[in-house]
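# Breakdown of the fold
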Amino acid sequence: MNEAEIRSLEIRRKALEVFDGKCEVLELQKLLHIIERNQPDFLETVVQQLLADNGRWSDSSGFPNVKIQRDAKGRVQTITFEALGKKNADGSQEILSLIWRSDHSEIQWVETFTKELLKKDQKSE
């Protein structure tokens, strides 16, 4: 297995643990934010692997499928994890879902705002 496959599996397992109540959603979010901030190009590779792995395991495995939404520049904006939950009395199954949202746009806004403030401070000196 290459590094992207390993990370993809690790992320899916973490999402499954969240659905099973074995860990907090914050752990999954932290894992994805660390990859996004430290290895943005690798995040894209991992996302491609996550998409490629959709449907790889049977529904009984509990592994969630992944949906990706991108921003106008094509960057990953959200990753949605969905899995089948408990069976209802009528025979249908609930769908478990959780969403990770990139904070790239917020970080970019803060950086731009800070740069503009620094420029104003330098001009006033």
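Heads up: the structure comes first, above all this text.
Residues numbered from 1 in each chain as written. Predicted model: local features only at pLDDT ≥ 70, side-chain atom pairs only at ≥ 80, totals over all residues. Heavy atoms only, no water.

### Digging into the packing of helix α1 (residues 3-19) against helix α2 (residues 25-38)
- It is at 8 Å that the axes of α1 and α2 come closest, and there the two elements cross at 160°. Considered as vectors, α1 and α2 are oriented roughly antiparallel to each other. When you trace α1 past α2, the crossing you get is left-handed. Across from Arg 7, Glu 10, Ile 11, Lys 14, Ala 15 and Val 18 in α1, the residues of α2 making contact are Val 25, Glu 27, Leu 28, Leu 31, Leu 32 and Ile 35. (Axes fitted to C-alpha atoms, helices over the stretch in contact; angles between N-to-C directions. Helix = DSSP H or I, 4+ residues; strand = E, 2+ residues; numbered from the N terminus. Parallel < 35°, antiparallel > 145°, perpendicular 65-115°, else oblique. Left-handed = near helix turned anticlockwise from the far one by under 90°. Contact = heavy atoms within 4.5 Å.)

### Some words on the pattern of salt bridges
- On inspection of all chains with the given rule, the structure shows nine salt bridges.
- Glu 3 serves as the salt-bridge partner of Arg 7, at 3.8 Å between the closest nitrogen and oxygen. Here Glu 3 and Arg 7 lie together in helix α1, a separation of four residues that amounts to about one turn.
- According to the relative accessible area criterion, Glu 3 is partly exposed, its value standing at 46%.
- Two residues, Arg 56 and Asp 53, come together in a salt bridge whose shortest N-O distance is 3.1 Å.
- Relative accessible area serves as the criterion here: at 4%, Asp 53 is assigned to the buried category.
- Among the charged side chains, a network of salt bridges with common partners joins Glu 3, Arg 7 and Glu 10. (Salt bridge = Lys/Arg side-chain N within 4 Å of Asp/Glu carboxyl O. Buried < 20%, exposed > 50% of the residue type's maximum accessible area, 1.4 Å probe, protein only.)

### Regarding the side chain of Thr 80
- Assignment of secondary structure puts Thr 80 in strand β2 (residues 76-87).
- Its relative accessible area of 12% is what places Thr 80 among the buried residues.
- Thr 80 has contacts with Asn 65, Val 66, Lys 67, Ser 97, Leu 98 and Ile 99, leaving out every residue within four places of it along the chain.

### Observations concerning the pairing of β2
- Bridge count for strand β1 (residues 65-70) against β2 is six bridges, and the pairing is antiparallel. In the sheet register, Asn 65 faces β2, and the bridge partner there is Glu 82.
- With antiparallel pairing between neighbouring strands as the criterion, β1 and β2 make up a hairpin whose turn holds five residues, including Gly 74 at a positive phi of roughly 85°.
- Between β2 and the antiparallel strand that follows it, strand β3 (residues 93-101), lie five residues; Gly 91 among them carries a positive phi value of about 95°. (Pairing = 2+ DSSP bridges.)

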